[in-house]
Amino acid sequence: MTDDKLIIAEIEFKSRLWVGTGKYKDFAETKRAIEASGTDVVTVSVRRVNIIDKSKENLLDYIDPKKYKILPNTAGCFTAKDAIRTAMLAAEAGITKLVKLEVIGDEKTLFPDNEATLEAAKVLVKEGLIVLPYVSDDPIMARKLVEIGCPAVMPLAAPIGSGLGIRNPYNLRIIMETVKVPIIVDAGVGTASDVAFAMELGCDAVLLNTAIAGAKDPIAMAEAMKYGVLGGRLAYKAGRIPKKLYATASSPIEGMIGS
Amino acid sequence: MTDDKLIIAEIEFKSRLWVGTGKYKDFAETKRAIEASGTDVVTVSVRRVNIIDKSKENLLDYIDPKKYKILPNTAGCFTAKDAIRTAMLAAEAGITKLVKLEVIGDEKTLFPDNEATLEAAKVLVKEGLIVLPYVSDDPIMARKLVEIGCPAVMPLAAPIGSGLGIRNPYNLRIIMETVKVPIIVDAGVGTASDVAFAMELGCDAVLLNTAIAGAKDPIAMAEAMKYGVLGGRLAYKAGRIPKKLYATASSPIEGMIGS
Amino acid sequence: MTDDKLIIAEIEFKSRLWVGTGKYKDFAETKRAIEASGTDVVTVSVRRVNIIDKSKENLLDYIDPKKYKILPNTAGCFTAKDAIRTAMLAAEAGITKLVKLEVIGDEKTLFPDNEATLEAAKVLVKEGLIVLPYVSDDPIMARKLVEIGCPAVMPLAAPIGSGLGIRNPYNLRIIMETVKVPIIVDAGVGTASDVAFAMELGCDAVLLNTAIAGAKDPIAMAEAMKYGVLGGRLAYKAGRIPKKLYATASSPIEGMIGS
Amino acid sequence: MTDDKLIIAEIEFKSRLWVGTGKYKDFAETKRAIEASGTDVVTVSVRRVNIIDKSKENLLDYIDPKKYKILPNTAGCFTAKDAIRTAMLAAEAGITKLVKLEVIGDEKTLFPDNEATLEAAKVLVKEGLIVLPYVSDDPIMARKLVEIGCPAVMPLAAPIGSGLGIRNPYNLRIIMETVKVPIIVDAGVGTASDVAFAMELGCDAVLLNTAIAGAKDPIAMAEAMKYGVLGGRLAYKAGRIPKKLYATASSPIEGMIGS
Amino acid sequence: MNITLNGEKKEVPDNLTVIGLLESLNIQHPRVAVELNLEIVKKDGYATTTIQEGDSLEVVSFMAGGAAGIA
Amino acid sequence: MNITLNGEKKEVPDNLTVIGLLESLNIQHPRVAVELNLEIVKKDGYATTTIQEGDSLEVVSFMAGGAAGIA
Amino acid sequence: MNITLNGEKKEVPDNLTVIGLLESLNIQHPRVAVELNLEIVKKDGYATTTIQEGDSLEVVSFMAGGAAGIA
Amino acid sequence: MNITLNGEKKEVPDNLTVIGLLESLNIQHPRVAVELNLEIVKKDGYATTTIQEGDSLEVVSFMAGGAAGIA
């Protein structure tokens, strides 16, 4: 499938599995997990430089920006204002114009604040950033974000770190019918079959972190996720057999999703 | 995972994806699909040699028994007697003592006749065959088959060719608690996430045919299934994160909602 | 729906909710739960009369056989022989020719031994009993039981006392396509929506015990189950709207079950 | 459960099943369905009086506002402005201060425009209306609506008229953890088990229209829904048994399989 | 004079009050609401509010219409 | 003489009939069933069936016990 | 003489051995199995087993055929 | 003079430029971003931007941090 490319804002992505860098034991484990995942997109947060402890290592000494597309995120921002500030600083740092925009609406569940996300996205798009917004699986919000210039949308599969997998494939289907930009499932998946299922639904990529970093063996899970995405994408392109109550049944069961 | 070997009756299997040879356009497509799947186990039926048309090609000219483990099956048998006869002939043909035992109970749904299967298995085990029985997902029948000497059990995920995927993971779980032999999911899966899920449940292998041969692009689907099995097995070994209603929830969810 | 009668072996059943008598605090609670459930069918076990403690009350002093159809069961039998003996004694006791035949295959999961159940059913049908067999959700076994003279079949929804609900509606659907006798879901349901769903699938009745007796408030749950069965049956007869991805979608999602 | 009252803004609701008046054959059928449903809450739209055809009957000649709580809705409004105007006119009509606020975001799927709904709710609450907003199952939006003074929230179960049932019980659970006002599931349910399940989740009421009006026999389905709500609510209060892989399993299942 | 009533042009006598209009259409007052040039007319204003040439009126009431979105 | 009743050794008078046994235990006849040495004793045989030294009897009735498998 | 081969009547020369039959049909010996009147003929018996008038033979081999039930 | 750097009070020499500050902290210029009193300082302004008494500076860079919401 060498011609099956994911392109967003003229940037070509080799991998449909995007990974985070949080929650690992150390940078060495982070590096090995990222390598095992086969990804070329790594999301990072934007934080104050540690002034006191200068010895502290830097993530980017392990994750070479020449080798990986760095996707700064506004994780931890609870207002549009903070998210805008963080995103602008990320852009100024000079590695990329890409930003994964997050405005968290609730500390407990980490659900996004869709309204504030839209408000921040409007500003950042005007500022020339390539804004990939993390939102709930709401087709109307997805459409508004695309209308104001987001080149992709990142709906959640389930609450961040929940590992519940694709809780509402119906909404993802409707989002894909509603907007014609790449859909990247962001957060909530737990295992390889979840990401395979996301790809089989027609999603264009999956971003995850906890499912790998939180696994007993993060390196093995990273590799598992790589295969899950490859398998799911190939299956989607291959055109699966219809579901039937049994093979000789006359009519297919069309409720493929969720069933 | 070089040490993650599947061994049945002292035979070592490299692949956990086993495939059938039915329903392909021609032997060339069969060969390419099998190669794309990465399998080393191919199941074949036992049929009368075509006397009239001698020109007719032979499947085994395409699938080299030196390269692949040939697993004869008793597909199409509706009685214990026919299945025994077919299995004995397969063994006499001299390639292998392995047999995938099937006694079909209903032409429409192709559900197995568990009782007749058990009866045939008793005879064939005594005759020295390595009997891998296709049965419904019934833990009691699985236990009886193991008790009479079957080195593995092959419960269905869903009706043959239905593409419904793992309809009752609970029964598979109970079967795995009940018997301590390899469990090979046989029939009913439809796509890569199905096989990944089967492996994540702890099943040891998956056998399928229609899901690949019936796909719009069988070669691509064969590759998809290869990745699905690899990803699912790796995820199973890696130890997934627990499912929670949200990441900060104190206790894993107890499957009370939506499950 | 005064004309919506359930008739098995010429016996007319007013209620489609059948209940057990086990696991209650005392007979008074049993009586109140049974009354709240609105049932007219009560299943009871067959046990040795207590010789020593003559004072011990008798269940049937609370559950009047003139008011309720008594359905003796062979609960606790692990062999065809014991089940036959128990069923024959139940019949001899002179209240009814009905028997709920159970031959348990595994003490841990209480899964039925289908083979032994069939063997016992053959004998008991010949002896003139009205045999209602508890079996796994296996269409082939259901057909064999009907062929030898069972006027109804009682497949499990899920393991006894598990409260998992209808784990495999697909198999129940296939059973209903395969045999044309009443299907009574026996065991595994946990709550009102489970029994409603069973009825909506087209099942003819539901038998349960633990779900009521094990609830925090058994009397309230008994009433809940009454409404669940009434609602589910009415909905089945009323003819539900098709499932669609959204109302204006052209084609219905036909995978109503399990989806 | 005489003490199990639903109270919103000091108004006491006898029924937890609320119904719409659209899509019926005629007012006579509407009346009969509403009576069969046992509801005391009927939602109606606000439309221009027919000037030309004076003969035209009036819905409220059939649905007596003394007998039923009339819940005007802003169905068909696509902007906050129109919804506000419609709601204010409804209030001015002098029957009630209640309004079911809807601002539709997409004609095809009838998904709500959450942002616009919030904007309209702010105005209407200030104007002294009792605003019950129809929104997607977004906990953050639910919280915002409660913060600005909505005494209840009406998240969708699935797209209007889809009949898909509760697509994401997880989000409903999180909404119930996030806000402490009554949750009324609005739209998307298809049959009795769906409403029973909604009540078992802990939702306070269900509003539906298509599932009844679109059924082959609307009167029977209305009665089915009545029982579904009664059964589900009773089961929720009764305290169901835990789900286990099988009865003797030591721990409740943690929703890792099949869920 | 000419007015717009529920979106349609209509000729009505001069110096017509809202109540006069409703009665001329024999619309029962209760359960309707009236909007005059996008402003709601309170019930107690029906008698005193006079309609002018070119005014736009909306007279609405409750109709069958269902759950969310079903107009 | 000695018999086994419901699994327990028991001493009973000689020449005891089934009906005699049930009455001595004051067990109501209806709703019970009796098995003598693995053979069911029909109700109309209670009076004529005499118990012998060493016989094994089962006297059963209906008890609380639930859905599938719940003993 | 006449025999039944794979369900079809066939005329073959007298005193034909199984190996003779297979060669006359030019069927490679490996990977086939032969059943003579419902009895399997072991490979080492091909040369010594003579076919009689009216015998019924089955000659089978491996064919495409898939997972469970797919003939 | 006193400034606030990444939320902490700090004493620094007078007439210090942004570049001077970064070098004194030996922070590599690439991959960091600087905010001076809530205004971003462009890289080409580091040398010419002088810090004043009481200024508040933020110096940020990329850190480990994951998918949505994981700070």
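The text that follows walks through the structure, step by step, so that each part is easy to find.

What counts as what
- Residues numbered from 1 in each chain as written.
- Chains lettered and ligands numbered in written order.
- Predicted model: local features only at pLDDT ≥ 70, side-chain atom pairs only at ≥ 80, totals over all residues.
- Heavy atoms only, no water.
- Helix = DSSP H or I, 4+ residues; strand = E, 2+ residues; numbered from the N terminus.
- Rg over C-alpha atoms; globule rule 2.2 N^0.38 Å.
- Buried < 20%, exposed > 50% of the residue type's maximum accessible area, 1.4 Å probe, protein only.
- Contact = heavy atoms within 4.5 Å.
- Lys, Arg positive; Asp, Glu negative; His and termini not counted.
- Charge placed at Lys NZ, Arg CZ, Asp CG, Glu CD.
- Polar contact = N/O pair within 3.5 Å; in protein donor to acceptor, adjacent residues only side chain to side chain.
- Least-squares fit on C-alpha atoms with pLDDT ≥ 70 in both.
- Buried area = accessible area lost by both parts, 1.4 Å probe.
- Nonpolar A, V, L, I, M, F, W, Y, C, P; charged D, E, K, R; others polar.
- Phe/Tyr/Trp six-rings, centres within 6.5 Å; stacked < 30°, edge-to-face > 60°.
- Lys NZ or Arg CZ within 6 Å of the ring centre and 35° of its normal.
- Axes fitted to C-alpha atoms, helices over the stretch in contact; angles between N-to-C directions.
- Parallel < 35°, antiparallel > 145°, perpendicular 65-115°, else oblique.
- Left-handed = near helix turned anticlockwise from the far one by under 90°.
- Salt bridge = Lys/Arg side-chain N within 4 Å of Asp/Glu carboxyl O.
- Core = buried A, V, L, I, M, F, W, Y, C linked by side-chain atoms within 4.5 Å.
- Pairing = 2+ DSSP bridges.
- Expected span 1.5 Å × (residues − 1).

**Regarding the overall build of chain A**
The number of helices and strands found in chain A is eight helices and ten strands. The C-alpha atoms of chain A give a radius of gyration of 18 Å, which matches the 18 Å a tight globule of 259 residues would have. Principal axes of the C-alpha set define a box for chain A whose edges measure 70 × 40 × 40 Å. Burial status across chain A gives 68% buried among its 259 residues. Partitioning the intrachain contacts of chain A with sequence separation of at least 6 by distance along the chain shows that 64% fall at a separation of at least 24. Averaging the positions of the 33 positive and the 32 negative side-chain charges in chain A gives two centres separated by 1 Å.

**With respect to the overall build of chain E**
For chain E, the count of helices and strands is one helix and five strands. Secondary structure of chain E in N-to-C order comes out as β-β-α-β-β-β. With respect to the three principal axes, the spread of C-alpha positions in chain E is 40 × 25 × 20 Å. Per-residue burial for chain E yields a buried fraction of 52% across its 71 residues.

**Structural notes on the side chain of E58 of chain F**
Locating E58 of chain F in the fold gives a position in strand β5 (residues 56-63). What makes E58 of chain F buried here is its relative accessible area of 11%. Looking at E58 of chain F, its side chain comes within polar contact range of the side chain of R48 of chain C, at 2.6 Å. If we ignore the near neighbours within four places in the chain, the residues touching E58 of chain F are R48 and R85 of chain C together with N6, G7, A33, V34 and E35 of chain F.

**Notes on the relation of the copies chain A and chain B**
Superposing chain A onto chain B requires a rotation of 180 degrees together with a translation of 0.0 Å along the rotation axis, leaving an RMSD of 0.0 Å. What the rotation and shift describe, once combined, is the action of a two-fold rotation axis. The residues that chain A uses at the interface reappear at the interface of chain B in 98% of cases, marking a shared surface.

**Focus: the relation of the copies chain D and chain A**
After a rotation of 180 degrees and a shift along the axis of 0.0 Å, chain D superposes on chain A with an RMSD of 0.0 Å. Same-surface contact between copies: 96% of interface residues of chain D are shared with the interface of chain A.

**Comments concerning the arrangement of the chains**
Taking C-alpha atoms as the reference, chain E and chain F come no closer than 41 Å and do not contact one another. In this assembly chain A lies apart from chain G, the nearest approach of their C-alpha atoms being 10 Å.

**Structural notes on the interface of chain A and chain B**
Counting residues at the interface gives 46 residues for chain A and 46 residues for chain B. For the pair chain A and chain B, the two sides together bury roughly 3500 Å², of which 65% comes from carbon and sulfur. Counting across the chain A and chain B interface gives 18 residue pairs in polar contact (both at pLDDT 80 or more). When residues of the side of chain A that touches chain B are traced back to their parent elements, those giving at least two are α6 (192-200), α7 (210-213) and α8 (218-238) of chain A. Among the elements that line the side of chain A that touches chain B, the one with the most residues is α8 of chain A, at eleven residues. Here the side of chain A that touches chain B is built from residues that sort into 23 nonpolar, 14 polar and nine charged.

**Some points on the packing of aromatic side chains**
On inspection of all chains with the given rule, the structure shows ten aromatic pairs over all chains. Relative to Y227 of chain B, the ring of Y227 of chain A has its centre 5.7 Å away and its plane inclined at 15 degrees; by these criteria the two rings are stacked. Linking Y227 of chain A in helix α8 with Y227 of chain B in helix α8 (residues 218-238), this pair reaches from one chain into another. The residues Y227 of chain A and Y227 of chain B share a single accessibility class, namely buried. Geometry around Y227 of chain A places K226 of chain A over its ring, the cationic atom sitting 4.9 Å from the centre.

**Concerning the packing of helix α4 (residues 139-147) of chain A against helix α5 (residues 169-178) of chain A**
Residues and elements named next belong to chain A. The geometry of α4 relative to α5 is characterised by a closest axis approach of 9 Å and an angle of 30 degrees between their N-to-C directions. Here α4 lies roughly parallel to α5, going by the angle between them. The two elements α4 and α5 cross, and the hand of that crossing is right-handed. Side by side, α4 and α5 meet where P139, A142 and R143 of the first sit next to I174, I175 and T178 of the second. Of the residues assigned to the contact of α4 with α5, the class counts are four nonpolar, one polar and one charged.

**Details of the side chain of S45 of chain A**
Within the secondary structure, S45 of chain A is located in strand β4 (residues 41-48). There is a polar contact of 3.1 Å between the side chain of S45 of chain A and the backbone oxygen of A64 of chain H. Leaving out residues up to four positions away in the same chain, S45 of chain A has contacts with N73 of chain A together with S61, F62, M63, A64 and G65 of chain H.

**Brief notes about unusual backbone geometry**
The residue L110 of chain C is not glycine, and still its phi comes out positive at about 60 degrees. With relative accessibility at 13%, the residue L110 of chain C sits in the buried group. In this structure, N37 of chain H is a non-glycine residue whose phi angle is positive, near 45 degrees. Here N37 of chain H is to be found in the loop between β3 (32-36) and β4 (39-41).

**A word on the environment of L132 of chain C**
Residues and elements named next belong to chain C. Tracing the backbone through its elements, the reader meets L132 in strand β7 (residues 130-135). In this structure L132 comes out as buried when scored by relative accessible area, which is 0%. Along the chain, L132 and C150 lie 18 residues apart, while their C-alpha atoms are 6.3 Å from each other. Residues in contact with L132, not counting those within four places in the same chain, are I8, W18, L71, L98, V99, K100, L101, P151, A152 and M154.

**With respect to the pattern of salt bridges**
Under the counting rule described, the total for this entry stands at 64 salt bridges over all chains. E115 of chain A serves as the salt-bridge partner of K144 of chain D, at 2.4 Å between the closest nitrogen and oxygen. Of this pair, K144 of chain D sits in helix α4 (residues 139-147) while E115 of chain A is found in helix α3 (residues 114-126), placing the two residues in two different chains. The class of E115 of chain A is partly exposed, set by a relative accessible area of 21%.

**Things to note about the environment of L201 of chain B**
Residue and element names in this part refer to chain B. Tracing the backbone shows L201 in the loop between α6 (192-200) and β10 (205-208). According to the relative accessible area criterion, L201 is buried, its value standing at 6%. On a C-alpha basis, the gap between L201 and I212 in space is 22 Å, while along the polypeptide they are eleven residues apart.

**Some points on the nonpolar core**
Nonpolar side chains in soluble globular proteins tend to be buried together. Membership of the largest hydrophobic core comes to 156 residues, with the highest contact counts inside it found for V185 and I212 of chain A together with I166, V185 and I212 of chain B. Leaving out residues up to four positions away in the same chain, V185 of chain B has contacts with P155, A157, I166, L172, A198, C203, A205, V206 and L207 of chain B. V99 and I166 of chain C together with L234 and A238 of chain D belong to the second-largest nonpolar core, a separate cluster that totals 154 residues.

**Remarks on the interface of chain D and chain A**
Contact residues are listed per partner, giving 27 residues for chain D and 26 residues for chain A. Summing the contributions of chain D and of chain A, the shared interface buries around 2200 Å²; its carbon and sulfur component is 53%. Our enumeration of links across chain D and chain A arrives at six salt bridges. When contributions to the side of chain D that touches chain A are tallied by element, the ones reaching two or more residues are α3 (114-126), α4 and α5 (169-178) of chain D. With five residues, the single largest contributor to the side of chain D that touches chain A is α4 of chain D. Of the residues that constitute the side of chain D that touches chain A, the class distribution is ten nonpolar, seven polar and ten charged.

**Here we look at the pairing of strand β2 (residues 8-11) of chain H**
All names here are of chain H. As defined by bridge partners, strand β1 (residues 2-5) adjoins β2 across four bridges and the pair is classed as antiparallel. Looking at β2, one finds that I3 is bridged to K10. With antiparallel pairing between neighbouring strands as the criterion, β1 and β2 make up a hairpin whose turn holds two residues, including N6 at a positive phi of roughly 45 degrees.

**Description of α3 of chain D**
In a regular helix each residue adds 1.5 Å, so 13 residues correspond to 18 Å; α3 of chain D covers 18 Å between its end C-alpha atoms and thus fits that length. Where α3 of chain D is buried, its residues meet α3 of chain A together with α2 (80-92), β6 (98-101), β7 (130-135) and α4 of chain D.

**A look at the packing of helix α1 (residues 27-37) of chain D against helix α8 (residues 218-238) of chain D**
Residue and element names in this part refer to chain D. Interhelical geometry of α1 versus α8 gives an angle of 25 degrees and a closest axis separation of 7 Å. Taken together, the axis directions place α1 and α8 in an arrangement best described as roughly parallel. Where α1 crosses over α8, the two elements pack in a sense that is right-handed. Of α8, the residues touching α1 (which contributes E29, R32, A33, A36 and S37) are P218, I219, A222, E223 and K226. For the contact of α1 with α8, the class distribution of residues is five nonpolar, one polar and four charged.

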